[in-house]
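# Architecture and fold: a report
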Protein chains: 2
Amino acid sequence: MRADDQQWETSVERPDGTRRRATIHDVAKLAGVSRQTVSRAVNDKGEIDPATKERVLEAARLLDYRPSRFARGMVQKGAVTAGLVIPDLMNPFFPEVAAGVLEAAEQRGWQVVMWDSRIDEARERDALDVLSHQADAIIGYFKSPDEVLARHLGGVPLVLLERGPQQTRFAAVGIDAAAGLEQGMAHLVGAGHRRIGMLDGVHGPGPRRQAFLEEARRNGLPVDDSWIALCAEHSVAGGEAGMERLLDTRPDITAVFGFNDLIAVGAMRTARRRGRRVPDDLAVLGFDGLSLGELVEPALTTLHIDKRRLGRLAVEQVARLRAGEEPLRGADAWLAPELVVRTSA
Amino acid sequence: MRADDQQWETSVERPDGTRRRATIHDVAKLAGVSRQTVSRAVNDKGEIDPATKERVLEAARLLDYRPSRFARGMVQKGAVTAGLVIPDLMNPFFPEVAAGVLEAAEQRGWQVVMWDSRIDEARERDALDVLSHQADAIIGYFKSPDEVLARHLGGVPLVLLERGPQQTRFAAVGIDAAAGLEQGMAHLVGAGHRRIGMLDGVHGPGPRRQAFLEEARRNGLPVDDSWIALCAEHSVAGGEAGMERLLDTRPDITAVFGFNDLIAVGAMRTARRRGRRVPDDLAVLGFDGLSLGELVEPALTTLHIDKRRLGRLAVEQVARLRAGEEPLRGADAWLAPELVVRTSA
DNA sequence: TTGTATGCGTTATCAT
DNA sequence: ATGATAACGCATACAA
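So, how was this worked out
- Residue positions within a chain follow its written sequence, with the count starting from 1.
- Ligands are numbered from 1 and chains lettered from A, in the order in which they are written.
- Local features in this predicted model are restricted to residues of pLDDT 70 or higher, and side-chain atom pairs are both shown and tallied only at a pLDDT of 80 or more, whereas totals for entire chains, interfaces and linings draw on every residue.
- Neither water nor hydrogens contribute to the side-chain values; these are computed over all heavy atoms in the structure.
- Any Phe, Tyr or Trp ring, taking Trp's six-membered ring, that has another such ring centre within 6.5 Å forms a pair; planes under 30 degrees apart are called stacked, those over 60 apart edge-to-face, and the others tilted.
- Each helix is a run of H or I in the DSSP string that is no shorter than four residues. Each strand is a run of E no shorter than two, and both are numbered from the N terminus.
- Relative accessibility decides the category of a residue: with a 1.4 Å probe and only protein chains considered, values under 20% of the type maximum give buried, values over 50% give exposed, and everything between is partly exposed.
- We call two residues in contact whenever any of their non-hydrogen atoms come within 4.5 Å of each other.
- Least squares is used to superpose the copies, and the fit set is the C-alpha atoms of residues whose pLDDT is at least 70 in both copies.
- UniProt positions are given in the numbering used here, feature names are shortened, and annotations may be inferred rather than shown by experiment.
- The convention used is that axes are lines fitted to C-alpha atoms, helices contributing only their stretch in contact, and that angles between N-to-C directions extend from 0 to 180 degrees.
- Each angle receives one of four descriptions, namely roughly parallel if under 35 degrees, roughly antiparallel if over 145, roughly perpendicular if within 65 to 115, and oblique otherwise.
- Left-handed describes a crossing in which the near helix is turned anticlockwise from the far one by less than a right angle; the clockwise case is right-handed.
- For this scheme, ten residues count as nonpolar: Ala, Val, Leu, Ile, Met, Phe, Trp, Tyr, Cys and Pro. Four count as charged, namely Asp, Glu, Lys and Arg, and the remainder, Gly too, count as polar.
- Here's the idea: put two parts together, see how much 1.4 Å probe accessible area each one loses, and the total over both is what we call buried area.
- The rule for a salt bridge is simple: a side-chain nitrogen of Lys or Arg has to be within 4 Å of a carboxyl oxygen of Asp or Glu.
- Any pair of nitrogen or oxygen atoms within 3.5 Å is treated as a polar contact; in protein, a donor-acceptor pairing is required on top of that, and neighbouring residues in sequence qualify only through side-chain atoms on both sides.

In the nomenclature of an unreviewed UniProt entry, chain A is known as LacI family transcriptional regulator of Streptomyces muensis.

See the structure below:
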């Protein structure tokens, strides 16, 4: 068989002269058999004469026949497709979550169709509009509030990534920012830091900032919003820019906590460019545990998250929803970060 | 509307007591209208009394009715699904290609279902077996030879990523390794290097090694296979291990070319651990142009590839195939890397 | 505004 | 070993 044969579409002429894809009927006619026999040949079932099978297959090849996945799906149940909505494929965090989703989905024999929302609420809704028609369940990161989600969901089960139970009534899997920051702040305070700033993400006040402020308070640190700078992007560049501003308003900080590792790395770069040694003059703590953190210099101390597991867990939640079971809530759906001490703090 | 209502499956009881998903028929019965009216209500068409519409929608909610995507697909043509097979989501190169594919697919209104083959030929075939049933076309990285691909493809159009025209008869988009290495080697030779090694990838001899050897020859360098070490993984760790071996067998090299940026970064780390300064004692050249390369120290000089464009191009090839046109061949489907000089070489 | 009839492409069941 | 027939769930043209 020449591969070329596969490449260009042969098709069947309609009475009106236009062309359409060949169906099982066309193949049956050409091979001079019934549709059922074609089905047997194509699907490699037994109960068919090898000679006729060959003849049918030849006809199928001639017409470039491919079974319609829709017609198949109609009659054979059980094909499950999950939609996965990711905010930013360029941030190494998300491909790793996606890998976990793919892995768990594959084990269950599910397919997953992917959508990059690029941190845009309009694109988020587009994703839901499309996927609610094409998927049996949706997993993803969404900024939109519950009502908006519900409106674009059309009743399709949804599992939210990284939303607290107080923030949504949908099923969710998340990260225990409070548990993470308890470790992280203890580490910084234990090293003698009292003036600690934060580089927050684009969405502004969220669980990570809240946990940061909470721990600062618990540790008796002099922290208010002036110790926090917003980053316009969840990227190294965003962290660099944010750190510029933070150092302008609070030049006296001795440590900084980054919303994520990318931002933290940006912070380190700006700090060093402005003549501060890391960690001696300024300690930097990240959040995520990207492998990137091991490669920079100094290596990034960070609150590590098991991103693959997060993805697998999301698939498990979908399975529960589909089975009519209660989704996991609380600690079971709530991953605690683990402090990984390297050299930046 | 409470979001909770959406979460757990209501269903319809069969005569035999088992449960099945509600169909448009069930909704029609419950609402006391025809199926057509249900269709109008659910799909938000006009020509329906607001009161009956509300009644129908309520019935649909009660039964947790969702239209079957298969039945829909049967009757409305035009839904296109592409399969995307990626070898390793943990390598930042591939998410970026995927982003390009997603972007271009979305513009065309296509969906893409993703599969991570984890560099495993058996999983590669599994991917084809599944996707050839569920997708209208497949894009991806495959190690298997044409015959194997064709056997598992069942006639579905395929666009290969990074395979030379001499290596496949399928449509493909690729990278012009020769053009890249011409620039790269000229840069190294221009800096006075004569003893240049290479850290090759897991698959062994391929276009990048071939181009490397070719350029070495053109520049009159003393290079044979002893100047090349294989890396067991396309990762930083793989590069570190490979570099150990290369420095053992060829301690006299003054420069090294890495199969990709991850391996090159690993090479830098091993070189420095063994007391060589980069780039003074040993220059390092990468291939891919990951943003990671800007973050390490020294920053990685590399042959940069427009990975997003690669992905978009692959989708364009699929479109051509589907339209019955000739796929792009040669330079148009063949991206040339661009030398980005930073500080590692 | 609403209902009836038909077809979409496939597989399963049951016959021959 | 092969064929006839009946679903599968939906949307669309057309009739009322």
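Here we take up the packing of aromatic side chains. Residues and elements named next belong to chain B. By the definition in use, this model includes 8 aromatic pairs over all chains. Between F94 and Y141 the ring centres are 4.9 Å apart and the planes differ by 80 degrees, which places this aromatic pair in the edge-to-face class. Of this pair, F94 sits in helix α5 (residues 93–107) while Y141 sits in the loop between β5 (137–140) and α7 (146–153); the two residues are 47 residues apart in sequence, bridging distant segments of the chain. With a centroid separation of 6.0 Å and 20 degrees between ring planes, the pair formed by F212 and F257 is classed as stacked. With F212 in helix α9 (residues 207–218) and F257 in strand β10 (residues 255–258), this pair connects stretches of sequence that are 45 residues apart. Its relative accessible area of 0% is what places F212 among the buried residues.

Here we come to the environment of V341(A). Residues and elements named next belong to chain A. Relative to the helices and strands, V341 resides in the segment after β14 (338–340). For V341, a relative accessible area of 46% corresponds to the partly exposed category. When the C-alpha atoms of V341 and A232 are compared, they prove to be 27 Å apart, with 109 residues separating the residues in sequence. Each residue touching V341, except ones within four places of it in the same chain, is listed here: H187 and T301.

Put simply, the two copies of the chain differ by a rotation about an axis and a shift along that axis. Mapping chain B onto chain A is achieved by rotating through 180 degrees and translating by 0.0 Å along the same axis, at an RMSD of 0.1 Å. Such values leave the two copies arranged in the relation of a two-fold axis. Both copies share a contact surface, since 100% of the interface residues of chain B are interface residues in chain A too.

Here we come to the UniProt feature "domain: HTH lacI-type" (unreviewed entry) in chain A. UniProt records the feature "domain: HTH lacI-type" (unreviewed entry) at residues 22–76 of chain A, using the numbering of this structure. As annotated, residues 22–76 of chain A has a helix share of 67% and a strand share of 0%, and its two end C-alpha atoms lie 21 Å apart.

Moving on, we come to the environment of A299(A). Residue and element names in this part refer to chain A. Locating A299 in the fold gives a position in the loop between α12 (292–295) and β12 (301–304). Linking A299 and G239, residues 60 residues apart in sequence, is a C-alpha distance of 16 Å. Setting aside anything within four residues of it in sequence, one finds A299 in contact with G293, E294, R342, T343 and S344.

Below, the discussion takes up the packing of helix α1 (residues 24–31) of chain B against helix α3 (residues 50–63) of chain B. Residue and element names in this part refer to chain B. At a minimum axis separation of 9 Å, α1 and α3 run at an interaxial angle of 125 degrees. Judged on the interaxial angle alone, α3 and α1 are oblique. Seen along the crossing, α1 lies across α3 with a hand that is right-handed. When α1 is examined against α3, the residues D26, V27, L30 and A31 are found in contact with a partner set consisting of R55, V56, A59, A60, L62 and L63. A breakdown of the residues in the contact of α1 with α3 according to their chemical character gives 8 nonpolar, no polar and 2 charged.

A few words on the interface of chain B and chain A. In this assembly, 66 residues from chain B lie in contact with 67 residues from chain A. Carbon and sulfur atoms supply 55% of the area that chain B and chain A bury against each other, a total of about 5900 Å² over both sides. Our count for the chain B to chain A interface comes out at 8 salt bridges. At the surface where chain B touches chain A, the tally comes to 18 residue pairs in polar contact (both at pLDDT 80 or more). Listing elements by their share of the side of chain B that touches chain A, those giving two or more residues are α4 (69–75), α5, β4 (111–116), α6 (121–134), α11 (261–273), α12 (292–295) and α13 (307–323) of chain B. Sort the elements by how many residues they give to the side of chain B that touches chain A and α5(B) lands first, with 7 residues. Here the residues of the side of chain B that touches chain A sort into 32 nonpolar, 10 polar and 24 charged.

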